[in-house]
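Okay, here's what each chain looks like letter by letter:
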Amino acid sequence: IGGNGGGGGGGGGEEGDGNVRTTTVQRNFFDRITKDIELVRVVLLLTGCIQGVRNTVAEYLSSFGEYDWLWKDDKDAEYQKFATTNPTLDDYETKLRDFSRIEYDVDRVNSVHVIGALSLNTGKLKRSLADECNRWKIKYSEKLHDRAKSELERLTEYTRVTMGKLGRKVDDLDSLGFMMRLLAEVRDQDSYIDMEIEPVMEMYKMLEDY
């Protein structure tokens, strides 16, 4: 009987162990953070600070928006529009001066801009803008050089042909008459040639300056 009782007692213990329920509540890191008011306050402050810095950075970068045409606009198309206006030398100089002014303005931008805890390095951006601006300047300078070269070649050819005619031998009245007429033509063209060569010299001087 005692043995059976012992067995019964053992059975009762096992039944008791079987009825025990142990509940373990596992709290993750997020739960602990959200229940800590001080931590929540710090997180909100950091979020606001980061958003503020983000807005300030975006505002600073937008200040370069005035130069976006340097890489967005098509250089060939823009020059063609410029050429259709039959530009004068003053028009070319205005364009080249504008490009030089933009290069100067870009160069004056600080290479390092500090915003809060951030340090923005604008060195590469400045170099890219300066390179784009220089390409615009080269485009207009090349076209101006082509124009100056064409005018100079025309004047040089006129001078060469005229000098060839003046070198002809005068041995009769016909050749003498031809020479007299040629000299009169040269005298008439003298002031005209001076008026034409002066703009050519100004073109080359402008190219040298810019």
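Below: a short report on this structure. (Residues numbered from 1 in each chain as written. Predicted model: local features only at pLDDT ≥ 70, side-chain atom pairs only at ≥ 80, totals over all residues. Heavy atoms only, no water.)

### A word on the pattern of salt bridges
Okay, so step 1: Under the counting rule described, the total for this entry stands at 12 salt bridges.
Okay, so step 2: Salt-bridge contacts for Glu78 lead to Lys81; the nearest nitrogen and oxygen are separated by 3.3 Å. Of the two residues, Glu78 and Lys81 both sit in helix 5 (residues 75-83), 3 residues apart, roughly one turn of that helix.
Okay, so step 3: Of the residues examined, Glu78 reaches a relative accessible area of 26% and is grouped as partly exposed.
Okay, so step 4: Notably, a salt bridge pairs Glu151 with Arg154, separated by 3.0 Å at the nearest N-O pair. Placement of both Glu151 and Arg154 in helix 7 (residues 123-166) is noted, with a separation of 3 residues, approximately one turn of the helix.
Okay, so step 5: Taken together, the shared-partner salt bridges in this structure form one network comprising Lys75, Glu132 and Arg135. (Salt bridge = Lys/Arg side-chain N within 4 Å of Asp/Glu carboxyl O. Helix = DSSP H or I, 4+ residues; strand = E, 2+ residues; numbered from the N terminus. Buried < 20%, exposed > 50% of the residue type's maximum accessible area, 1.4 Å probe, protein only.)

### Focus on the pairing of strand 2 (residues 118-121)
Okay, so step 1: The pairing of strand 1 (residues 112-115) with strand 2 spans 4 bridges and is antiparallel. For Ile115, the partnering residue across the bridge sits in strand 2 and is Leu118.
Okay, so step 2: Joining the antiparallel neighbours strand 1 and strand 2 is a turn of 2 residues, in which Gly116 adopts a positive phi near 60°. (Pairing = 2+ DSSP bridges.)

### So, the side chain of Ser175
Okay, so step 1: If you trace the backbone, Ser175 turns up in helix 8 (residues 173-209).
Okay, so step 2: On the accessibility criterion, Ser175 (11% relative accessible area) is buried.
Okay, so step 3: There is a polar contact of 3.1 Å between the side chain of Ser175 and the backbone nitrogen of Asp171.
Okay, so step 4: Once residues within four sequence positions are removed from consideration, Ser175 is found in contact with Lys169 and Val170. (Polar contact = N/O pair within 3.5 Å; in protein donor to acceptor, adjacent residues only side chain to side chain. Contact = heavy atoms within 4.5 Å.)

### Some thoughts on the packing of helix 6 (residues 89-108) against helix 8
In a packed pair of helices, the relevant descriptors are the angle between the two axes and the axis-to-axis distance.
Okay, so step 1: Relative orientation of the contacting elements helix 6 and helix 8 amounts to 5°, with a least axis distance of 11 Å. As the angle between them shows, helix 6 and helix 8 are arranged roughly parallel. Residues Leu89, Tyr92, Glu93 and Leu96 of helix 6 form the contact with helix 8, whose participating residues are Pro199, Glu202, Met203 and Met206. (Axes fitted to C-alpha atoms, helices over the stretch in contact; angles between N-to-C directions. Parallel < 35°, antiparallel > 145°, perpendicular 65-115°, else oblique.)

### Focus on the packing of aromatic side chains
Okay, so step 1: All chains considered together, the criterion is met by 9 aromatic pairs.
Okay, so step 2: Measuring from ring centre to ring centre gives 5.6 Å for Tyr60 and Phe64, while their planes differ by 90°; the resulting arrangement is edge-to-face. For the pair shown, Tyr60 and Phe64 are each scored as buried.
Okay, so step 3: Measuring from ring centre to ring centre gives 5.2 Å for Tyr79 and Tyr140, while their planes differ by 80°; the resulting arrangement is edge-to-face. One end of the pair, Tyr79, is in helix 5; the other, Tyr140, is in helix 7, with 61 residues separating them in the sequence. (Phe/Tyr/Trp six-rings, centres within 6.5 Å; stacked < 30°, edge-to-face > 60°.)

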